[in-house]
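Residue-level listing of the chains:
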Amino acid sequence: MPSRPGQVLDRVPPPLLFVASGLTQYLGAAIAVGLFAVVGAPEVGWLRILFAAALLLAWRRPWRRRWARRELAWVVVFGVALAAMNVAFYVAIDHLPLGTAVAIEFLGPVAVAAITGRGWRERGGIAVAACGVVLLAGVTLTSDLPREDAVVGLVAIGVAAACWAAYILLGRRVALGGSGVTSLAVAMAAGALVLAPFFAPSTGAVWGDWRLLLALVAIGLFSSVVPYGMEQVILRRVSAATFSVLLALLPATATAIGAVVLREIPTLPEVVGLLLVSGAIAMTARRADPPPV
């Protein structure tokens, strides 16, 4: 009898799951860039969650199970944090350089690891990983951005960082609840509904074009359904602090793929960043699969 997808993924090392998750996210992001000219960046972020929710609801059909009120409340809060994280990040990269936004947003996982880490490996690992992310992101100390863009971008990425921290903590709570991807379906639907009054009115241009709708289905699948579904599996198996360190694999994967596929030779800072991220993963490897709590 074949194993269920979740059982198969439970046997895959968490770092490999993160690499696969990162690859699908980059594919979805590449498609999303083409929509920025049709609707605004925050609207694309909301549509991504909306279409991902539709796909997950059709697959998991969460209405078939009974939900305790407390469990459902936590799932809804998780979904709002997830949706806000995505929209805030899209707003930020519309006003800030991508590398700067990525590095600042990583403060969310850093805070989670610093607060929840239970030993020097987890706390030291996130410090090393954060240095690696800064180098990989190519952050510079000078910028000629207009002051208004810089302020909006910094506020947005600060919100995204806080929501990312909430996503990790709430996502682990939901994952350990046992309903996994089914809870993710409800969470995304809740997040999309809460933010709909703010973004739905300005998305009219996409609904009459089947090519744009198809692109949104692909974005929802590759940028949200697959990676967030994998992260639910990972969050059941690792601590919040270790998960935060593993998040550094996302920019590291982007650099590695650029080198292999696009033949973009990494710069010296990027090579050092890759080494630091690899070292951080090695530091926390012994805590990769703690027993469920």
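About the cut-offs
- Along each chain, numbering runs from 1 in the same order as the chain's sequence is written.
- Reporting in this predicted model follows two pLDDT cut-offs: at least 70 for local features of residues, and 80 or more for side-chain atom pairs to be given and counted; totals over whole chains, interfaces and linings ignore these cut-offs and use all residues.
- Excluding hydrogens and water, the side-chain figures rest on all heavy atoms present in the structure.
- Starting at the N terminus, helices and strands are each numbered in turn, a helix being any DSSP run of H or I of at least four residues and a strand any DSSP run of E of at least two.
- Any residue under 20% of the maximum accessible area for its type is buried, any over 50% is exposed, and the rest in between are partly exposed; the area is computed with a 1.4 Å probe on protein chains only.
- In this description, contact between two residues means that some pair of their heavy atoms is separated by no more than 4.5 Å.
- Under the convention used here, a 1.4 Å probe and the Shrake-Rupley method define accessible areas, while residue burial counts only the protein chains that appear.
- Note on geometry: axes are C-alpha line fits, over the in-contact stretch for helices, and angles between N-to-C directions span 0 to 180 degrees.
- Here is the rule for angles: anything less than 35 degrees is roughly parallel, anything more than 145 is roughly antiparallel, 65 through 115 is roughly perpendicular, and the remaining ranges are oblique.
- We call Asp, Glu, Lys and Arg charged. Ala, Val, Leu, Ile, Met, Phe, Trp, Tyr, Cys and Pro are nonpolar, and the rest, Gly among them, are polar.
- The term salt bridge refers to a pairing of a side-chain nitrogen on Lys or Arg with a carboxyl oxygen on Asp or Glu at a separation within 4 Å.
- Here, nonpolar core means buried Ala, Val, Leu, Ile, Met, Phe, Trp, Tyr and Cys residues that are tied together by side-chain atoms lying within 4.5 Å of each other.
- Aromatic pairing here means that ring centres of Phe, Tyr or Trp (its six-membered ring) are within 6.5 Å. Orientation follows from the plane angle: under 30 degrees is stacked, over 60 is edge-to-face, and everything else is tilted.
- Only residues whose relative accessible area exceeds 30% and that form no salt bridge are eligible for patches; like-charged ones are grouped when within 9 Å, while nonpolar side chains (Val, Leu, Ile, Met, Phe, Trp, Tyr) are grouped when within 5 Å.
- Confidence of the prediction at every residue is given by pLDDT, a number between 0 and 100.
- Should the near helix be turned anticlockwise from the far one by less than a right angle, the crossing is termed left-handed; should it be turned clockwise, right-handed.

Quick look at the overall build of the protein chain
Working step 1: Helix and strand counts for the protein chain stand at 13 helices and zero strands.
Working step 2: Ordered by position from the N terminus, the helices and strands of the protein chain form the series α-α-α-α-α-α-α-α-α-α-α-α-α.
Working step 3: With 293 residues in all, the protein chain has 47% of them scored as buried.
Working step 4: Summarising the internal contacts of the protein chain: among those between residues at least 6 apart in sequence, 88% fall at separations of at least 24.
Working step 5: Within the structure as shown, the protein chain displays about 14,100 Å² of accessible surface, and the carbon and sulfur contribution to it stands at 69%.

Regarding the packing of helix α5 (residues 98-105) against helix α6 (residues 107-116)
Working step 1: Where α5 meets α6, the closest approach of the two axes is 5 Å, and the angle between their N-to-C directions is 15 degrees. It follows that α5 is roughly parallel to α6 by the angle criterion. Residues Ala103, Ile104 and Glu105 of α5 touch α6, and the partners they reach there are Leu107, Gly108 and Pro109.
Working step 2: Across the contact of α5 with α6, the residue classes tally to four nonpolar, one polar and one charged.

Quick word on the pattern of salt bridges
Working step 1: All told, the structure shown has two salt bridges when counted by the stated rule.
Working step 2: The residue Arg65 makes a salt bridge to Glu71 at a minimum N-O spacing of 3.1 Å.
Working step 3: Residue class for Arg65 comes out partly exposed when judged on its relative accessible area of 30%.
Working step 4: On the basis of relative accessible area, Glu71 is assigned to the partly exposed category, the value being 23%.
Working step 5: Measuring nitrogen to oxygen at the nearest pair gives 3.4 Å for the salt bridge that ties Asp209 to Arg211.
Working step 6: Among the residues examined, Asp209 registers a relative accessible area of 21% and is labelled partly exposed.
Working step 7: In this structure Arg211 comes out as exposed when scored by relative accessible area, which is 55%.

Description of the nonpolar core
Working step 1: By size, the foremost hydrophobic cluster in this structure holds 81 residues, and its most contacted members are Phe106, Tyr167, Met188 and Phe243.
Working step 2: Among the elements that take part in this core, helix α4 (residues 69-93) stands out by supplying twelve residues, more than any other.

A few points about the packing of aromatic side chains
Working step 1: Enumeration over the complete set of coordinates arrives at seven aromatic pairs.
Working step 2: Arranged with centres 5.4 Å apart and planes meeting at 25 degrees, the rings of Phe78 and Tyr167 form a pair that is stacked. Here Phe78, found in helix α4, pairs with Tyr167, found in helix α8 (residues 147-176); they are 89 residues apart in sequence, far enough to count as distant.
Working step 3: By relative accessible area, which is 0% here, Phe78 ends up buried.
Working step 4: For the ring pair Tyr167 and Tyr228, a centre distance of 5.6 Å and an interplane angle of 50 degrees mean the geometry is tilted. With a gap of 61 residues between them, Tyr167 in helix α8 and Tyr228 in helix α10 (residues 210-237) connect regions that are remote in the sequence.

Brief notes about a nonpolar patch on the surface
Working step 1: Together, Leu55, Trp210, Leu214, Val217 and Leu221 line one region of the surface with nonpolar side chains, adding up to about 460 Å² of accessible area.
Working step 2: No other element matches the four residues that α10 contributes to the nonpolar patch.
Working step 3: Its location among the elements puts Leu55 in helix α3 (residues 41-60).

Brief notes about α5
A turn of α-helix holds 3.6 residues, and therefore any two residues three or four places apart point the same way.
Working step 1: Buried within α5 we find Gly99, Thr100, Ala101, Ala103 and Glu105.
Working step 2: Of the surrounding secondary structure, the elements contacted by the buried residues of α5 are α4, α6, α7 (120-137) and α8.

Overview of the confidence of the model for the protein chain
Working step 1: Confidence in the prediction for the protein chain averages 85 pLDDT; 89% of positions are at 70 or higher.
Working step 2: The secondary-structure element of the protein chain with the lowest mean pLDDT is helix α1 (residues 5-9), recorded at 63, while helix α9 (residues 180-199) shows the highest, at 95.
Working step 3: Here residues 287-293 is a poorly scored stretch, pLDDT under 50, and it has 13 contacts once near neighbours within four places are set aside; other chains count.

Thoughts on the environment of Ser183
Working step 1: You can see Ser183 is positioned in helix α9.
Working step 2: Spatially, the C-alpha atoms of Ser183 and Arg60 are 9.0 Å apart, while their sequence positions differ by 123 residues.

Looking at the packing of α3 against α4
Working step 1: It is the contact of α3 with α4, at a shortest axis distance of 7 Å, that shows an interaxial angle of 150 degrees. Between α3 and α4, the angle falls in the class roughly antiparallel. Considering only the axes of α3 and α4, their crossing is right-handed. The residues of α4 that touch α3, namely those facing Ala41, Pro42, Val44, Gly45, Trp46, Arg48 and Ile49, are Leu82, Ala83, Asn86, Val87, Tyr90 and Val91.
Working step 2: Looking at side-chain class alone, the contact of α3 with α4 contains ten nonpolar, two polar and one charged residues.

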